[in-house]
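This is what each chain is made of:
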Amino acid sequence: MQTIEIVNLDSNTSEQYALNTLDQARRQLEICNACRYCETYCSVFPAVHRERSFSDNDLKQLANLCHNCRGCYYACQYTAPHEFDLNLPKALAKVRQESWQDNAYPAAFAKAFHQNGAAIGAAVILGFAALLWLIQLMGTSTSANSPANFYDLLSHNLMVALFMPAFLLPLASIAFSVRRFWRDIGAEPLRLIHIKGAFASVAKMKNLAAGHGEGCNYEDEDRFSQARRYFHQATMYGFLLCFAATSTATLMHYLLAMAAPYDLTSLPKILGIVGGISLSVGTAGLAYLKLQADKSLGDTKVWGGEMAFVLLLFFVSTSGLVLYWFGKSPWLGELLALHLGCVLAFFLLMPYSKMTHGFYRLAALIKEEQNKV
């Protein structure tokens, strides 16, 4: 077992540990491994209890299994003022954050977003919205003075030219980042059985139900709640439905020669409206819970960046719904510019925002499935 250096700052405080992020997480997990009170709380603890020691790469994988639900903290007998001063949710949050940030490409962009996410997100949205508004003013279409729909303001080909690189380049950056993480945690080649097990856990948000199935203590230490689990599911499925709506519309346009705009009863519209409502509700709920939760049980340095990401997703979905419902109004051009500015900002900031946590957590869950064999 690793030797732990203890530094007493004064006689009136609990013992303080002069350790870096990984060593602090290692110290706390070694205590958890001896206690085992939280053995059934989530996927983290069974994984911890299989090991006797933890390499840096083990810690990165374990940290990305953690959903920061805080149940283990409120159940723990070794939190402050005990001399062990355990705060495992915070320790793992810091390791998790560093794993995303260090593997991002380029890493400096991730650090900047996590520290100043709200300002960067707002600047990018407004910048793109202004650019798109100027393009409209320059008269990209002969119908721009009396538009029947937003394709009269911005042509389909122009939007494809703008959004295709804005989607593919960030996706390539995330793939590069996750590949580096996959190597870091020593994962094996992919097998279907491991992928199926990981996706089953993701689909049900299994770990946010905790081992007892009553939920976690994210927003309130005195009661269990499924709220965070349900808002996560609404966000995830809402995002997937919106993506499915865009993909369906693309296929209809290019393969079936069915050009937009589409009727309310068409598949792209149904998927988009249901997905947009679900995404707006989910992100609004997550933002509310984040405001209620104790900030000291996470990585406080990146709280603003995490909130900025949730709000960015909220603005993407809500501005899309507003654009749909008020698409016949005189404000069509402004609403279109704002919505597309939000979407472009989301795509371009995606590799440096908390959006990457879904890819990293999936990789960590696949590795966990491999470890079970």
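Rules used throughout
Residues numbered from 1 in each chain as written. Predicted model: local features only at pLDDT ≥ 70, side-chain atom pairs only at ≥ 80, totals over all residues. Heavy atoms only, no water. Core = buried A, V, L, I, M, F, W, Y, C linked by side-chain atoms within 4.5 Å. Buried < 20%, exposed > 50% of the residue type's maximum accessible area, 1.4 Å probe, protein only. Helix = DSSP H or I, 4+ residues; strand = E, 2+ residues; numbered from the N terminus. Contact = heavy atoms within 4.5 Å. Salt bridge = Lys/Arg side-chain N within 4 Å of Asp/Glu carboxyl O. Phe/Tyr/Trp six-rings, centres within 6.5 Å; stacked < 30°, edge-to-face > 60°. Lys NZ or Arg CZ within 6 Å of the ring centre and 35° of its normal. Expected span 1.5 Å × (residues − 1). Axes fitted to C-alpha atoms, helices over the stretch in contact; angles between N-to-C directions. Parallel < 35°, antiparallel > 145°, perpendicular 65-115°, else oblique. Left-handed = near helix turned anticlockwise from the far one by under 90°. Nonpolar A, V, L, I, M, F, W, Y, C, P; charged D, E, K, R; others polar. Polar contact = N/O pair within 3.5 Å; in protein donor to acceptor, adjacent residues only side chain to side chain. Patch = residues over 30% accessible without salt bridge, like charges linked within 9 Å, V, L, I, M, F, W, Y side chains within 5 Å. Areas by Shrake-Rupley, 256 points an atom, 1.4 Å probe, with all protein chains shown as cover. pLDDT = per-residue confidence, 0-100.

Visitor: Got a minute to help me understand the nonpolar core in this structure?
Guide: If you look at soluble globular proteins, the nonpolar side chains tend to sit buried side by side. Formed by 76 residues in total, the largest nonpolar core has its most connected members in Leu 29, Val 44, Phe 45, Leu 92 and Phe 346. The element best represented in this core is helix H12 (residues 332-349), accounting for twelve residues. Each residue touching Phe 346, except ones within four places of it in the same chain, is listed here: Phe 239, Phe 309, Leu 312, Leu 313, Val 316 and Met 355. Residues Cys 69, Met 205, Leu 208 and Tyr 218 belong to the second largest nonpolar core, which totals seven residues.

Visitor: What is the right way to read the pattern of salt bridges from this model?
Guide: Two side chains of opposite charge can pair, provided their charged atoms sit close to one another. On inspection of all chains with the given rule, the structure shows seven salt bridges. The shortest N-O distance in the salt bridge between Arg 26 and Asp 23 comes to 2.8 Å. Taken together, the residues span about one helical turn, with Arg 26 and Asp 23 both in helix H1 (residues 21-35) at a distance of three residues. Accessibility classification places Arg 26 together with Asp 23 in one group, the buried group. Ionic pairing is found between Lys 301 and Asp 299, a salt bridge with its closest N-O pair at 3.2 Å. Asp 299 gets classed as buried once you look at its relative accessible area, which sits at 9%. In the salt-bridge network here, residues are joined through shared partners; they are Asp 23, Arg 26 and Asp 56.

Visitor: Hey, could you run me through the packing of aromatic side chains in this one?
Guide: The description of an aromatic ring pair uses the distance of the two centres, along with the angle that the planes make with each other. Scanning all chains against the criterion turns up eleven aromatic pairs. A centroid spacing of 5.0 Å and a plane angle of 70 degrees characterise the contact between Tyr 324 and Trp 325, whose relative ring orientation is edge-to-face. Ring plane angle 50 degrees and centroid distance 5.7 Å describe the contact between Phe 346 and Phe 347, whose orientation is recorded as tilted. Like Phe 346, the residue Phe 347 is buried in the burial classification. The structure contains a cluster of three or more aromatic residues connected by ring pairs, namely Phe 167, Phe 239, Phe 243, Phe 346 and Phe 347. Sitting over the face of the ring of Tyr 218, Arg 228 holds its NZ or CZ atom 4.0 Å from the ring centroid. Over the face of the ring belonging to Trp 303 we find Lys 295, whose NZ or CZ atom lies 4.1 Å from the ring centre.

Visitor: What exactly am I supposed to notice about helix H9 (residues 227-254) here?
Guide: Side chains of residues three or four places apart in an α-helix project in the same direction, reflecting 3.6 residues per turn. Counted at 1.5 Å a residue, the expected span for H9 with its 28 residues is 40 Å, and the 41 Å between its end C-alpha atoms agrees. Looking at H9, one finds that the buried residues are Arg 228, Arg 229, His 232, Gln 233, Ala 234, Thr 235, Gly 238, Ala 245, Thr 248, Ala 249 and Met 252.

Visitor: Explain the packing of H9 against helix H10 (residues 267-292) to me, please; I cannot follow it from the model alone.
Guide: Two quantities define a packed helix pair, namely the angle between the helix axes and the distance between the axes. Interaxial distance between H9 and H10 falls to 7 Å at its minimum, and their mutual angle equals 150 degrees. With respect to H10, the element H9 is oriented roughly antiparallel. Crossing handedness for the pair H9 and H10: left-handed. Of the residues belonging to the contact of H9 with H10, the class tally is 18 nonpolar, eleven polar and one charged.

Visitor: Can you walk me through the side chain of Asn 217 in this structure?
Guide: In this structure, Asn 217 sits in the loop between helix H8 (192-204) and H9. Classification of Asn 217 by relative accessible area gives buried; the value is 5%. Polar side-chain contacts of Asn 217 include one of 3.1 Å to the backbone oxygen of Arg 223. For Asn 217, the contacting residues outside a window of four places in its chain are Cys 69, Arg 70, Gly 71, Tyr 74, Arg 223 and Phe 224.

Visitor: Please clarify how the environment of Glu 83 should be interpreted in this entry.
Guide: With respect to the helices, strands and loops of the structure, Glu 83 is situated in the loop between helix H4 (71-75) and helix H5 (88-103). Since its relative accessible area comes to 41%, Glu 83 is described here as partly exposed. Residues Glu 83 and Trp 182, 99 residues apart in the sequence, show an inter-C-alpha distance of 36 Å.

Visitor: Which parts of the structure should I look at to understand the side chain of Ser 43?
Guide: In this structure, Ser 43 sits in the loop between H1 and helix H2 (44-49). Looking at Ser 43, its side chain comes within polar contact range of the side chain of Asn 207, at 2.9 Å. Those residues in contact with Ser 43 that sit more than four places away from it in its chain are Leu 65, Asn 207 and Glu 368.

Visitor: Explain a nonpolar patch on the surface here, please?
Guide: Taken together, the side chains of Leu 251, Tyr 254, Leu 255, Leu 256 and Met 258 define a hydrophobic patch exposed on the protein surface, amounting to about 560 Å² of accessible area. Inspection of the secondary structure assignment puts Leu 255 in the loop between H9 and H10. Under the relative-accessibility criterion, Leu 255 is labelled exposed at 66%.

Visitor: Can you help me understand the confidence of the model for the protein chain in this one?
Guide: The predicted coordinates should not be examined in detail at positions where pLDDT is low. For the protein chain, the average pLDDT comes to 86, and 91% of its residues sit at 70 or higher. Looking at the elements of the protein chain, mean pLDDT is at its lowest for strand S1 (residues 6-7), recorded as 37, and at its highest for H10, recorded as 95. Contacts for the low-pLDDT stretch residues 1-18, under 50 throughout, to residues beyond four places or in other chains number 27 contacts.

Visitor: So what exactly am I meant to see when it comes to unusual backbone geometry here?
Guide: Most peptide bonds adopt trans geometry, and most residues besides glycine take a negative phi value. Cis rather than trans, the peptide bond between Ala 80 and Pro 81 has omega equal to 15 degrees. The residue Pro 81 is located in the loop between H4 and H5 in this model. Each neighbour pair has its own omega, and for Tyr 105 with Pro 106 the value is -10 degrees, a cis peptide bond. Note on placement: Pro 106 falls in the loop between H5 and helix H6 (107-137). In the Ramachandran plot, Asp 85 falls in the positive-phi region, its phi being about 50 degrees despite a non-glycine side chain. Tracing the chain through its elements places Asp 85 in the loop between H4 and H5. Among the residues examined, Asp 85 registers a relative accessible area of 24% and is labelled partly exposed. Positive phi, normally seen in glycine, also occurs at Ala 257, with a value near 55 degrees. Considering the arrangement of structural elements, one finds Ala 257 in the loop between H9 and H10. Given a relative accessible area of 69%, Ala 257 falls into the exposed group.

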